Each structure stands twice: as C-alpha cells, then as structure tokens.
Amino acid sequence: NYKMITAGDMSLATVTSSPVNIQGEDNVGIQIHLNSGTPTGSYGVEVSGNYNQNTGAGNFIALTQTTPAIPVTITAGSPTDVYIDLNQLSAPWIRLKYTKTSGTGSFDAWIVGKMI
C-alpha cells in the first residue's frame, strides 16, 4: 500500500493527492480515514491518460460511475472511514480529491492495487 495523503487539511477548499501510477494494476482500492473534525464535502477520484511525471503536465478528469458511487459524499463527519473499490481502470494515473462544502477536519488516505 501507499499513503496518498497524510493529515489532509479539510478546512481548505480542496485537497488533492499526488498522482499515483496504477498502470498494470487490475484492481485498485482507496481507503480513507477521517482523523478528526466534522467536515461536509465529497471525496472524488480523478484519472489521466496524458499525465507526465517528469514535467507535471497533463489533464485529470473526474471519474464518475455508479458502482461504487463516486464521488463519495460525507455529511457532518460521517462516514468516518470510506473504501473506494475500483475495477479494470484503463487510465495509467489516478489521484484522490476532497472538495469541501463546510466544516473542518483532517484525513489520511492509502491506495492499494493488485494484478489478477
């Protein structure tokens, strides 16, 4: 596993992880743990097919799908733990983004992947 975000400050308008290369992974999971606070907002997943890790150039696009529901909305600090399970993504790059509606807090996030 790889820690994408450590003590993400949920008082900010958005918190975005660094891009993670998932090329060759068939299944990817993101675990999010709310450390403190009672934030209201949403966790989203963004993917890129043209991100260049050497230059930082590229475009990220919000991933939307119905199973699991993305983005994941949290209200008044609940749920405190979230797991986003992603299957068969074609994009080689992924990142996590939190968008604040109100409140404050902090969270940690980890990503794991496996090949079939």
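Just above sits the structure.
Numbers given to residues run from 1 along each chain, matching the order in which its sequence is written. Thresholds applied to this predicted model are a pLDDT of at least 70 for local features of residues and 80 or more for the giving and counting of side-chain atom pairs; totals over whole chains, interfaces and linings are not thresholded and use all residues. Values shown for side chains rest on all heavy atoms present in the structure; no hydrogens or waters enter the calculation.

Here's the deal with the overall build of the protein
Of regular secondary structure, the protein possesses zero helices and 10 strands. Restricting the calculation to C-alpha atoms gives the radius of gyration, and the globule rule supplies 2.2 Å times the number of residues raised to the power 0.38. Relative to the globule expectation of 13 Å for 116 residues, the C-alpha radius of gyration of the protein, 14 Å, shows essentially globular dimensions. With respect to the three principal axes, the spread of C-alpha positions in the protein is 35 × 30 × 25 Å. Looking at the 116 residues of the protein, the share that counts as buried comes to 41%. Contacts in the protein between residues far apart in sequence, at least 24 positions, make up 83% of those at least 6 positions apart. Computed with the Shrake-Rupley method and a 1.4 Å probe, the accessible areas treat only the protein chains shown as cover for residues. On the protein, roughly 6200 Å² of surface is accessible, and the fraction owed to carbon and sulfur atoms is 48%. The average position of the 5 basic charges and that of the 7 acidic charges among the side chains of the protein differ by 6 Å. A run of DSSP states H or I qualifies as a helix once it reaches four residues; a run of E qualifies as a strand once it reaches two. Both are numbered from the N-terminal end. We call a residue buried when its accessible area falls under 20% of the maximum for its residue type, exposed when it is over 50%, and partly exposed in between, using a 1.4 Å probe and counting protein chains only. Working rule for contacts: check all heavy atoms of both residues, and any pair within 4.5 Å makes them a contact. Under this rule, positive means Lys or Arg and negative means Asp or Glu; His and the chain ends count for nothing. For the purpose of locating charges, the reference atoms are NZ of Lys, CZ of Arg, CG of Asp and CD of Glu.

Quick word on unusual backbone geometry
Although it is not a glycine, A7 adopts a positive phi angle of roughly 50 degrees. Within the fold, A7 resides in strand β1 (residues 2-9). Accessibility expressed as a relative area gives 47% for A7, which makes it partly exposed. Positioned with a positive phi, Q88 is a non-glycine residue whose angle comes to about 55 degrees. The topology assignment puts Q88 in the loop between β8 (81-87) and β9 (93-102).

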